[in-house]
Amino acid sequence: MTATVIDPNTALVVVDLQKGITGLPTAHPSEEIVERSAALAAAFRERGLPVVLVRVTGGAPGRTEGPARGGDVPADWADLVPELGRTDTDIVVTKQQWGAFYGTDLDLQLRRRGVTQVVVTGIATSIGVESTARAAHEHGYHVTVAVDAVTDMDADAHRNSVEKIFPRLGETDTTEALLKLLG
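The model shown is predicted, which means the values in this text are computed figures rather than measured ones. (Residues numbered from 1 in each chain as written. Predicted model: local features only at pLDDT ≥ 70, side-chain atom pairs only at ≥ 80, totals over all residues. Heavy atoms only, no water.)

### Some remarks on the overall build of the protein
Now for step 1: Scanning the protein from N- to C-terminus turns up six helices and six strands.
Now for step 2: The secondary structure elements of the protein, listed N-terminal to C-terminal, are β-α-α-β-β-α-β-α-β-α-β-α.
Now for step 3: For 183 residues, the compact-globule estimate of 2.2 N^0.38 gives 16 Å, and the C-alpha radius of gyration of the protein, at 15 Å, lies within 12% of that figure.
Now for step 4: With the C-alpha coordinates aligned to their principal axes, the bounding extent of the protein is approximately 45 × 35 × 30 Å.
Now for step 5: Excluding contacts between residues fewer than 6 apart, the proportion of contacts in the protein whose partners are at least 24 apart in sequence is 85%.
Now for step 6: Taken as a whole, the protein presents about 9,200 Å² of accessible surface, with 50% of it coming from carbon and sulfur.
Now for step 7: Averaging the positions of the 17 positive and the 25 negative side-chain charges in the protein gives two centres separated by 5 Å. (Helix = DSSP H or I, 4+ residues; strand = E, 2+ residues; numbered from the N terminus. Rg over C-alpha atoms; globule rule 2.2 N^0.38 Å. Contact = heavy atoms within 4.5 Å. Areas by Shrake-Rupley, 256 points an atom, 1.4 Å probe, with all protein chains shown as cover. Lys, Arg positive; Asp, Glu negative; His and termini not counted. Charge placed at Lys NZ, Arg CZ, Asp CG, Glu CD.)

### Concerning the pairing of strand 3 (residues 91-95)
Now for step 1: With burial as the criterion, only one face of strand 3 is covered, namely that bearing Ile91, Val93 and Lys95; the residues Val92 and Thr94 on the opposite face remain uncovered.
Now for step 2: Relative to strand 3, strand 2 (residues 51-56) is paired through five bridges, and the arrangement is parallel. By the bridge assignment, valine 54 is partnered in strand 3 with valine 93. (Buried < 20%, exposed > 50% of the residue type's maximum accessible area, 1.4 Å probe, protein only. Pairing = 2+ DSSP bridges.)

### What about the packing of helix 4 (residues 125-138) against helix 5 (residues 155-169)?
Now for step 1: The contact between helix 4 and helix 5 brings their axes to 10 Å, and the two run at 5 degrees. Judged by the angle between their axes, helix 4 and helix 5 are roughly parallel. Contacts between helix 4 and helix 5 involve Thr125, Ser126, Val129, Glu130, Ala133, Arg134 and His137 from the former and Ala157, His158, Ser161, Val162, Ile165, Phe166, Arg168 and Leu169 from the latter.
Now for step 2: Along the lines of polarity and charge, the residues of the contact of helix 4 with helix 5 split into seven nonpolar, five polar and three charged. (Axes fitted to C-alpha atoms, helices over the stretch in contact; angles between N-to-C directions. Parallel < 35°, antiparallel > 145°, perpendicular 65-115°, else oblique. Nonpolar A, V, L, I, M, F, W, Y, C, P; charged D, E, K, R; others polar.)

### Details of the packing of helix 2 (residues 30-46) against helix 6 (residues 175-182)
What describes two packed helices is the angle between their axes and the distance between those same axes.
Now for step 1: It is at 10 Å that the axes of helix 2 and helix 6 come closest, and there the two elements cross at 5 degrees. Taken as axis vectors, helix 2 and helix 6 run roughly parallel relative to one another. Residue-level inspection shows Arg36, Ala39, Leu40, Ala43 and Phe44 of helix 2 in contact with helix 6, the latter providing Thr175, Leu178, Leu179 and Leu182.
Now for step 2: When its residues are assigned to classes, the contact of helix 2 with helix 6 shows seven nonpolar, one polar and one charged.

In short, the description is geometric, and any link to function would need to be established separately.
If you want it as structure tokens, here you go:
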């Protein structure tokens, strides 16, 4: 873990911490992921830095071999968990695919604010978090992943993203270390 700096214009991007996803079985307790993401969100807000809360309400079309989310979902499935402490200044992005950039105005929202770096947290590490981190990297942002503020439904997929993918996209570190870098 090697996070070196938090740019003056950094945004926190919290991926899919919504009722329907945090209720799924995960490799690490989702309550801890929410708690750490909320701590980062509070610190970013205190410093006047953007907080982006991402939620997913659909899925990309097309055939897949893996199971699709099926059937009706509860009415509150896409509601962001209240522990995040959403405020009127937060940017809320609703996506239909895995990543938070494709088909949304996230890049525009960040560029308008002069953002040069994103810190990413959320569920699922190998799906929404990794897709968002990859797109951020491709869009030219410095990427940092809070590795103790992400988890997955599959422990092996989580480990692969954390150990093999994220270091190639940017930097990684713990929530505590990132809070210290924020100052």
